[in-house]
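# Report on the structure
Residues per chain, in single letters:
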Amino acid sequence: MAWIAKEDSNPWEPNPIHIITGFALLQLVITLFSDGFVLSFDEAMWHYIGRNWFRHGMAPYAGGVDNKSPLIFAIFGLSDQLFGVNYWFPRLLGTFVQSVGIYYVYKIARQMAGVQTGMLAILFYGLSLLWHATGGKYVSYTETYGVTFIIIAFYHFLTAQNNKAFFISGLLAGIALGFRLTAIFGIVAIFITSLRKSRRDTLMFCVGVLTSILFLLMAAFFAGIDLHNLYTYTLADNFGSGSPTDHNLSWKIENFSNKFFFSGMILFYPLMMAYFIIKSRMDWLGLWLILAFTGISIIGIYDTVHLKELLPALSLMSAFAVAHLTNIYKVPVKWIYLLLIILFFPRLSEPLSNLKRLIRPKANQSENYCRQPYTIPDEGTRKRLGLWVRENTAEHDKVFVAGFGAQVQVYTERLSPTIYFNVTQTHIAKERFFQDMQANKPKMILVPLFPEYREYVGGDLLLYVDELVAKDYYLDRCMYNYNIYRKKK
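Heads up: these notes are all about the structure in this document. Because the structure is a prediction, the values reported are computed rather than measured. (Residues numbered from 1 in each chain as written. Predicted model: local features only at pLDDT ≥ 70, side-chain atom pairs only at ≥ 80, totals over all residues. Heavy atoms only, no water.)

### Digging into the nonpolar core
Within soluble globular proteins, side chains that are nonpolar tend to cluster in buried spots. Residues L120, F124, L285, W288, L310 and L316 are the most contacted members of the largest nonpolar core, which totals 80 residues. The greatest single-element share of this core, amounting to ten residues, is contributed by helix α14 (residues 311–329). In this structure, L285 is in contact with Y275, A313, L316, M317 and F320, ignoring residues within four places of it in sequence. The next biggest cluster of nonpolar side chains, apart from the first, holds 35 residues, and it includes I49, I72, I225 and L230. (Core = buried A, V, L, I, M, F, W, Y, C linked by side-chain atoms within 4.5 Å. Buried < 20%, exposed > 50% of the residue type's maximum accessible area, 1.4 Å probe, protein only. Helix = DSSP H or I, 4+ residues; strand = E, 2+ residues; numbered from the N terminus. Contact = heavy atoms within 4.5 Å.)

### Brief notes about the side chain of S69
Tracing the chain through its elements places S69 in the loop between α2 (41–56) and α3 (70–83). Under the relative-accessibility criterion, S69 is labelled buried at 8%. Contact partners of S69, with chain neighbours within four places excluded, come to Y61, G178 and F179.

### Digging into the packing of aromatic side chains
Evaluated as defined, the whole model comprises 42 aromatic pairs. Both rings, one in Y104 and one in Y155, keep their centres 5.3 Å apart while their planes meet at 70 degrees; by these two values the pair is edge-to-face. Of this pair, Y104 sits in helix α4 (residues 88–113) while Y155 sits in helix α6 (residues 142–158), and the two are 51 residues apart along the sequence. Pairwise contacts between aromatic rings join F256, F260, F261, F293 and Y302 into one cluster. Sitting above the plane of the F157 ring, K197 keeps its charged end 4.5 Å from the centroid. (Phe/Tyr/Trp six-rings, centres within 6.5 Å; stacked < 30°, edge-to-face > 60°. Lys NZ or Arg CZ within 6 Å of the ring centre and 35° of its normal.)

### Regarding the pairing of strand β4 (residues 482–487)
Among the six residues of β4, five are classified as buried, and the element is accordingly described as predominantly covered. Alignment of strand β2 (residues 444–448) against β4, held across five bridges, turns out to be antiparallel. By the bridge assignment, V447 is partnered in β4 with N483. In this sheet, β4 lies alongside strand β3 (residues 473–479) in antiparallel orientation, the contact comprising six bridges. What sits directly across from R477, in β4, is I484. (Pairing = 2+ DSSP bridges.)

### Concerning the pattern of salt bridges
Within the structure shown, the criterion is met by 13 salt bridges. With a closest N to O distance of 3.0 Å, E143 and R180 form a salt bridge. Taken together, the residues E143 in helix α6 and R180 in the loop between α7 (163–179) and α8 (183–195) connect sequence positions 37 residues apart. In this structure R180 comes out as buried when scored by relative accessible area, which is 10%. (Salt bridge = Lys/Arg side-chain N within 4 Å of Asp/Glu carboxyl O.)

### Section: the state of the cysteines
This model, assessed by the stated rule, comprises one disulfide. Shown here is the disulfide that connects C370 with C478, its sulfur atoms set 1.9 Å apart. The S-S bond linking C370 to C478 shows a torsion near -95 degrees; that makes this disulfide left-handed. A residue pair is termed long-range when its members are at least 10 positions apart, and C370 in the loop between α16 (349–359) and α17 (379–391) and C478 in strand β3 qualify at 108 residues. For C370, a relative accessible area of 28% translates into the label partly exposed. Relative accessible area serves as the criterion here: at 27%, C478 is assigned to the partly exposed category. (Disulfide = S-S within 2.5 Å.)

### Some remarks on the environment of A74
Here A74 lies in helix α3. A sequence separation of 25 residues divides A74 from I49, and the C-alpha atoms of the two residues are 8.8 Å apart. Beyond its immediate stretch of four places on either side in the chain, A74 contacts W53 and F54.

### Re the sheet that holds β2
Read across the sheet, four strands follow the order β1-β2-β4-β3 without closing on themselves; strand pairing throughout is mixed. Strand pairing shows two members of the sheet lacking a second neighbour, β1 (399–401) and β3, which therefore form its edges. Ignoring which end each strand starts from, the neighbouring axes of this sheet average 20 degrees apart. Bridge count between β1 and β2: three bridges; the pairing is parallel. Paired with V399 across the strands is M444, a residue of β2. (Axes fitted to C-alpha atoms, helices over the stretch in contact; angles between N-to-C directions.)

### Considering a nonpolar patch on the surface
A contiguous nonpolar patch, built from F54, L78, L82, F83, W88 and L92 and spanning about 510 Å² of accessible area, is present on the exposed surface. Of all the secondary-structure elements, those providing two or more residues to the nonpolar patch are α3 and α4. It is α3 that contributes the most residues to the nonpolar patch, three residues altogether. Take W88: it is sitting in helix α4. For W88, a relative accessible area of 32% puts it in the partly exposed group. (Patch = residues over 30% accessible without salt bridge, like charges linked within 9 Å, V, L, I, M, F, W, Y side chains within 5 Å. Areas by Shrake-Rupley, 256 points an atom, 1.4 Å probe, with all protein chains shown as cover.)

### Observations regarding the packing of helix α5 (residues 115–128) against α14
Relative placement of two packed helices is described by the angle separating their axes and the distance separating the axes. One way to put it is that α5 packs onto α14 with a least axis distance of 8 Å and a crossing angle of 140 degrees. By the angle class used here, α5 and α14 are oblique. Pair α5 / α14 crosses with right-handed handedness. In this structure, α5 contributes Q116, T117, L120, A121, F124, Y125 and S128 to the contact, and α14 contributes L311, P312, S315, L316, S318, A319, F320, V322, A323, T326 and N327. (Parallel < 35°, antiparallel > 145°, perpendicular 65-115°, else oblique. Left-handed = near helix turned anticlockwise from the far one by under 90°.)

### Section: α3
With 14 residues, α3 should cover 20 Å at 1.5 Å per step; its first-to-last C-alpha distance of 20 Å lies within 8% of that length. Within the sequence span of α3, burial applies to P70, I72, F73, I75, F76, G77, S79 and D80. On its buried face, α3 is in contact with α2, α4, α6, α7 and α10 (227–234). Near the N-terminus of α3, the side chain that reaches the backbone nitrogen of L71, with its oxygen 2.9 Å away, is that of S69. At the exit of α3 stands G84, carrying a positive phi of roughly 70 degrees. (Expected span 1.5 Å × (residues − 1). Polar contact = N/O pair within 3.5 Å; in protein donor to acceptor, adjacent residues only side chain to side chain.)

### Overview of the environment of M272
By the secondary structure assignment, M272 is in helix α12 (residues 269–279). Leaving out residues up to four positions away in the same chain, M272 has contacts with L289, L314 and M317.

If you want it as structure tokens, here you go:
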């Protein structure tokens, strides 16, 4: 980074650990004071699968299917083992891991361009992680772990002085891949950059990556996870009709525009352009950013949490560019810090609103349910429904929640009759769903009344559930806009 102007010898600097700790506390406020104070939709799926693994010995993809890594199921399984059904432990752990990532972004910037640039990197990265636009409250998701390990891998690669350091970089990158397959694009960025150093460096990095992958595959095998299922559910069955990526072009364009042009992401673009102009050639940071963008574009749904994969490279670029311009034009750095905090500070309206709800809860709205127009119950109400089911079924009764019902299912603490406890509509998923439901008829079925259920769930699945309850079940009651059916004697 020789192109960056030299820093002042004694700049005023706050303690980076204090700043990162402050961001961690702010992150906890944002994530713990989320809607309903319950597991989110995705967290509920991972907790259900992890619980089945740790409580019942049902390995992932045998005790429930989602397209994520066994590593995230293990985190939620451990959470259940230690504290039962809860939403706070995975978020505490995610906040800690994210804070480690912020610290290593600081270390990269400090190593390459000095302390002032490191502090700028902390501000850019730490604040942008908290945005609603980047899934700030979803700190327990796989992106947190995958991105953090890639950041640390980059640090060890960039500061490597011997073969061992390149090997460690590869090991860390392999762990990132174990959490999230899109980490492969960060790995490719390091690989291409390493080719510019020496073949031996590249070889040691690759050996480290392969060592991690082999170790994780062996661990999965000995944990009882079917490796063919691992491939099918984490990769092969995630593209095509009925898969999570099955959206038309107009939907994707709209989602792309919302995430990249109508959000805080635009704050990065002038500084990103300044970096490329100042640098005047493609380097490891530009390569990292382009490949990370390629990865989320291949998935193509542009979820808010996917943007986290772009933030390390964007934050480092912005820090390098601002440090360069600040040193050239002799702008007092403390005013730059203040301006960045003002521009990048996250909105806190949601956690403050939920804090108010906690202090002054709303009156019971039960009388507003089970009458038209039927609306989707909020997350807290879905938790209450799950708890009611738990209290009104036996421990070994199977319960099926039709549609996108993972949040209800997880709080029932009851097994679903099918590994597809949350609707998935690929050919493989539907075939297995019909097979499971035929072999394991549940004691209770919950069918949503709100129109979104019939709008988003395929007709063949709807018909099957309707015919099943008509033939073998009776309507017990309606609660929270769900019809509750019990199996006939």
